[in-house]
Amino acid sequence: MTLDFYYASGSPYAWRVWLALTHKGIAFDWKLLSFDAGDLEKPAFRSINPRQKVPAIVDDGFALYESAAILEYFEDKQPEPRLFSADIKERATQRRLVREADNYFAEAMEHLLEAVMEKKPADPAAMHKEIASWESALTGDFLAGPMSAADFTLYPMAALLERVAVRNPQALPADLIPPRLAAWMARMAALDIVQKTRPPHWK
Ligand SMILES: N[C@@H](CCC(=O)N[C@@H](CS)C(=O)NCC(=O)O)C(=O)O
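If you're wondering where the values come from, they're calculated on a predicted model, not measured in any experiment.

Colleague: Would you mind showing me how to read the site of the ligand here?
Modeller: Near the ligand, the surroundings consist of S11, Y13, L40, Q52, K53, V54, P55, E66, S67 and A68. Tallied by class, residues from the shell around the ligand come to 5 nonpolar, 3 polar and 2 charged.

Next comes the structure, spelled out in structure tokens:
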């Protein structure tokens, strides 16, 4: 049975799942949804994700949404290649980073992007504070040990932020991303799986 992957281009959460699928080499069928066409509100998708958000998957009749939970499911379903370190402490740190990215970075990013989209004054203070904490915690090539679900979580959000900053220089400073984080983003951007999965309309 194949796995259906419900995706909409530009969603950093859906990109996380696409990165994980590609990293693990899990075969899937594309279910490309359009925000503009209202696909997420249609009953067929509501029965998969009552919260009407992408990403979602249906694996052999089992529907699952929430990108972090989907990555954990992939890891249980097909352990290799790993999304989380084999080392218990490193794995705990990676899980913590996924939660921090989802709870704090995502919240600051969503507020800021909402203001930019609605052409309201954007206050980047919370985003700056959040970015600064990731900058000071980054010491290696990846966020914690080898490339992991933590990198697949933060990178799509940071890339979206960077894209919006470049396109809206009046609202967001172009130097939003500090040097270590920028170098990590460049390392991520150079990876084959990132190049293969970059949202089509971002290319
Ligand atoms: N916590 C969710 C967030 C998913 C999410 O917010 N998806 C957005 C796209 S980036 C969405 O589908 N929004 C549609 C809507 O809110 O109407 C996850 O990690 O999967």
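Colleague: Looking at this structure, I do not really get the pairing of strand 1 (residues 3–7). What am I missing?
Modeller: Two faces, one strand: in a regular strand the side chains alternate between the faces of the sheet. Looking at chain direction, strand 1 and strand 2 (residues 28–32) are connected through 5 bridges and run parallel. Note that in strand 2 the partner of L3 across the bridge is F28. With helix 1 (residues 12–24) bridging strand 1 and the parallel strand 2, this β-α-β connection has right-handed handedness. Pairing geometry for strand 1 and strand 3 (residues 56–59), over 4 bridges, is antiparallel. Following the sheet pairing, Y6 is matched in strand 3 by A56.

Colleague: Honestly, helix 4 (residues 88–117) in this entry has me stumped. Any pointers?
Modeller: Each α-helix winds once per 3.6 residues, and so residues spaced three or four apart point in a common direction. Between the first and last C-alpha of helix 4 there are 41 Å, a value that for 30 residues agrees with the 44 Å anticipated at 1.5 Å per step. Taken as a whole, helix 4 carries its principal kink of about 35 degrees at A101. Buried residues along helix 4 sit against helix 3 (67–77), helix 5 (125–137) and helix 6 (149–167). K119 lies just past helix 4 and shows a positive phi near 50 degrees.

Colleague: Which parts of the structure should I look at to understand the packing of helix 1 against helix 6?
Modeller: Helix packing geometry: the angle between the two helix axes and the distance between the axes. At a minimum axis separation of 8 Å, helix 1 and helix 6 run at an interaxial angle of 140 degrees. When the axis of helix 1 is compared with that of helix 6, the two are oblique. Here helix 1 and helix 6 pass one another in a crossing that is right-handed. Contacts from P12, W15, R16, L19 and A20 in helix 1 reach A149, F152, T153, P156, M157 and L160 in helix 6. A per-class count over the contact of helix 1 with helix 6 returns 9 nonpolar, 1 polar and 1 charged.

Calculation notes
Position labels on residues start from 1 in each chain and follow its written sequence. Local features in this predicted model are restricted to residues of pLDDT 70 or higher, and side-chain atom pairs are both shown and tallied only at a pLDDT of 80 or more, whereas totals for entire chains, interfaces and linings draw on every residue. To decide nearness, the C-beta atom of each residue is placed from the backbone, and the residue is near a molecule or strand if that atom lies within 6 Å of it. Gly falls in the polar group here, along with every residue not listed as nonpolar (Ala, Val, Leu, Ile, Met, Phe, Trp, Tyr, Cys, Pro) or charged (Asp, Glu, Lys, Arg). DSSP calls a pair of strands paired once it identifies at least 2 bridges connecting them. Each helix is a run of H or I in the DSSP string that is no shorter than four residues. Each strand is a run of E no shorter than two, and both are numbered from the N terminus. Note on handedness: a clockwise path from strand one over the helix to strand two, with the strands aimed away from the viewer, defines a right-handed crossover. One less than the residue count of a helix, multiplied by 1.5 Å, gives the span that helix is expected to have. The quantity called bend is, for any residue, the angle between two axes fitted respectively to the seven residues ending at it and the seven beginning at it. What counts as a contact here is a pair of residues whose C-beta atoms, placed from the backbone, lie within 7 Å. Here the axes come from fitting lines to C-alpha atoms, over the contacting stretch only for helices, and the angles between their N-to-C directions go from 0 to 180 degrees. Should an angle fall under 35 degrees it is called roughly parallel, over 145 degrees roughly antiparallel, and 65 to 115 degrees roughly perpendicular, with every other angle called oblique. Put simply, a crossing is left-handed when the front helix is turned counterclockwise from the back one by less than a right angle, and right-handed when it is turned clockwise.

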